[in-house]
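The lines below spell out each chain.
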Amino acid sequence: MIKQKKALITGITGQDGSYLAEFLLAKNYQVYGLVRRTSIPSYERIKDIKDKIKLISGDLTDQHSLTYAVRQVQPDEVYNLAAQSFVHTSFDQPVLTGAVTALGVARVLEAVRLASPKAKFYQASSSEMFGRVRQKPQNEATPFYPRSPYGVAKVYGHWITVNYRESYNMFAVSGILFNHESPRRGLEFVTRKISNAVARIKLGQQKKLYLGNLDSKRDWGYAPDYVEAMWLMLQQDKAEDFVIGTGKTWSVRQFCQKAFAVVGLNWQDYVEVKKEFMRPAEVDYLVADFTKAKKLLGWQPKIGFDQLVKIMVETDLKT
């Protein structure tokens, strides 16, 4: 009889964590989620699976809670998806971003090393690490040049994962994921801000949408496609890092255009640029070269850009 695998997910209440939990449940995993104690718990994204998973209290800033959680679960796989993940906030709270998004990775790795060293570890790295890009498109060998405290923190998280892999012979990998969106994206992220505003404008609940740099270009994919890539990385015989993206790039302006077109409106009638939404240091052009993932993992995105935008807008219209 095949042993049921156990997975521990930090950030299980977030976009990626909730999709990954659903994906792993469908593969007959026992799924455990690390959650911070808050006065008002936010379980909206996992409400449909909450009775199928086990939640454990813990915090990325508290080493003891992480070591205890790993020791308690004895997971086969650990997915570290928790972070202070909003770039704009990282400029306002750089120290907190470092404590959670950077040092938090070291704490989870240390917990795994001490309490369940045979567990396979996945770190959620980010295309924001490339920042002011050194080459186009970006692959696993592209040098990092982060342009925000968030990007800098992710670079630390990435390299500490490599360091633990090489120092302690742990199965520890990083997925360098390019932007991936869904209806579960937080409202503070530009894609969801746009899709939500389009729905509200169409329903007469909002008049204008205020944005920052419309020329900023990103490689946008669909989050459920990307959690499959995370899982595939941990099914390999050898621990390696992978770039995950679509290989296509779109501007914020194009996202607006397509989102408003879903409801039959002209985006230029509703979108205004405001200086307060500009980043102090901008990342202008990100696009993935995911050749390695296609070749070694057999992975490629299933949902295209137009379909992604349509899914987000139509979901926001219903809610």
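Structure: see above.
Residues numbered from 1 in each chain as written. Predicted model: local features only at pLDDT ≥ 70, side-chain atom pairs only at ≥ 80, totals over all residues. Heavy atoms only, no water.

### A short note on unusual backbone geometry
So, point 1. Pro-137 follows Lys-136 through a cis peptide bond whose omega is -10 degrees.
So, point 2. With respect to the secondary-structure elements, Pro-137 resides in the loop between strand S5 (120-126) and helix H5 (149-168).
So, point 3. Within the chain, Gln-74 stands out as a residue other than glycine whose phi angle is a positive 50 degrees.
So, point 4. Along the chain, the position of Gln-74 falls in the loop between helix H2 (63-73) and strand S4 (77-80).
So, point 5. For Gln-74, a relative accessible area of 37% gives the class partly exposed. (Helix = DSSP H or I, 4+ residues; strand = E, 2+ residues; numbered from the N terminus. Buried < 20%, exposed > 50% of the residue type's maximum accessible area, 1.4 Å probe, protein only.)

### Overview of the packing of helix H6 (residues 190-202) against helix H8 (residues 252-262)
Helix-helix packing: each pair is described by the crossing angle between the helix axes and the interaxial distance.
So, point 1. The contact between H6 and H8 brings their axes to 10 Å, and the two run at 30 degrees. As the angle between them shows, H6 and H8 are arranged roughly parallel. Relative to H8, H6 is oriented so that their crossing is right-handed. The residues of H8 that touch H6, namely those facing Val-190, Thr-191, Ile-194, Val-198 and Ile-201, are Val-252, Phe-255, Cys-256, Ala-259 and Phe-260.
So, point 2. Residue classes in the contact of H6 with H8 are distributed as 9 nonpolar, 1 polar and no charged. (Axes fitted to C-alpha atoms, helices over the stretch in contact; angles between N-to-C directions. Parallel < 35°, antiparallel > 145°, perpendicular 65-115°, else oblique. Left-handed = near helix turned anticlockwise from the far one by under 90°. Contact = heavy atoms within 4.5 Å. Nonpolar A, V, L, I, M, F, W, Y, C, P; charged D, E, K, R; others polar.)

### A few points about the pairing of strand S6 (residues 172-177)
So, point 1. Counting buried positions along S6 yields 6 of 6 residues, so the element is predominantly enclosed.
So, point 2. Residues Ala-172, Ser-174 and Ile-176 line one face of S6 and the alternating positions Val-173, Gly-175 and Leu-177 line the opposite face, and both faces are buried.
So, point 3. In terms of strand pairing, S5 meets S6 through 6 bridges, oriented parallel. Paired with Ser-126 across the two strands is Leu-177, which belongs to S6.
So, point 4. Handedness of the β-α-β unit built from S5, H5 and S6 comes out right-handed. (Pairing = 2+ DSSP bridges. Right-handed = clockwise from strand over helix to strand, strands pointing away.)

### Overview of the sheet that holds S4
So, point 1. Reading across the sheet, the 7 strands line up as S3-S2-S1-S4-S5-S6-S11 and stay open at both edges, with parallel pairing between neighbours. For this open sheet the edge positions go to strand S3 (54-57) and strand S11 (242-244), each flanked by a neighbour on one side alone. Sheet twist, expressed as the average angle between the axes of neighbouring strands with direction ignored, equals 25 degrees.
So, point 2. As paired elements, strand S1 (residues 6-10) and S4 share 4 bridges and run parallel to each other. Paired with Ile-9 across the strands is Tyr-79, a residue of S4.
So, point 3. Lying on the sheet, H2 is in contact with S1, strand S2 (30-35) and S3; it crosses S3 at an angle near 150 degrees.

### Things to note about the nonpolar core
So, point 1. Grouped together as the largest cluster of nonpolar side chains are 37 residues, with contacts concentrated most on Ile-9, Leu-24, Tyr-79, Tyr-122, Ile-244 and Trp-299.
So, point 2. Taken together, the elements giving at least two residues each to this core come down to S1, helix H1 (15-26), S2, S5, S6, helix H7 (223-233), S11 and helix H9 (291-297).
So, point 3. Per-element tally for this core: the top contributor is H7, with 8 residues.
So, point 4. Among all residues touching Ile-9, those that are not within four sequence positions of it are Gly-17, Leu-20, Ala-21, Leu-24, Val-31, Tyr-32, Gly-33, Leu-34, Tyr-79 and Leu-81. (Core = buried A, V, L, I, M, F, W, Y, C linked by side-chain atoms within 4.5 Å.)

### Digging into the environment of Val-95
So, point 1. Note on placement: Val-95 falls in helix H4 (residues 94-115).
So, point 2. For Val-95, a relative accessible area of 68% puts it in the exposed group.
So, point 3. Placed 58 residues apart in sequence, Val-95 and Ala-153 show a C-alpha to C-alpha distance of 9.7 Å.

### Considerations on the side chain of Ser-251
So, point 1. Note that Ser-251 resides in strand S12 (residues 250-251).
So, point 2. For Ser-251, a relative accessible area of 7% gives the class buried.
So, point 3. Residues contacting Ser-251, with those up to four places away along its chain left out, are Leu-214, Asp-215, Ser-216, Lys-217 and Trp-220.

### Quick look at the packing of aromatic side chains
So, point 1. Tallying each qualifying case throughout the model produces 14 aromatic pairs.
So, point 2. With 6.3 Å between their ring centres and 65 degrees between their planes, Phe-144 and Trp-159 make a pair best called edge-to-face. Of this pair, Phe-144 sits in the loop between S5 and H5 while Trp-159 sits in helix H5; the two residues are 15 residues apart in sequence, bridging distant segments of the chain.
So, point 3. Residue classification places Trp-159 among the partly exposed positions, given a relative accessible area of 49%.
So, point 4. Among the aromatic residues, those joined into a cluster by ring pairs are Phe-130, Phe-144, Trp-159 and Phe-178.
So, point 5. The positively charged end of Arg-113 is found above the aromatic ring belonging to Tyr-168, 4.7 Å away from the centroid.
So, point 6. Of note, Lys-120 hangs over the ring of Phe-171, and the distance from its end group to the ring centre comes to 4.3 Å. (Phe/Tyr/Trp six-rings, centres within 6.5 Å; stacked < 30°, edge-to-face > 60°. Lys NZ or Arg CZ within 6 Å of the ring centre and 35° of its normal.)

### Things to note about the packing of H1 against H7
So, point 1. Where H1 contacts H7, the two axes come as close as 9 Å, and the packing angle between them is 65 degrees. As H1 packs across H7, the resulting crossing turns out to be right-handed. Within the contact between the two elements, H1 uses Gln-15, Asp-16, Tyr-19, Leu-20, Phe-23 and Leu-24 and H7 uses Ala-223, Pro-224, Val-227, Glu-228, Met-230 and Trp-231.

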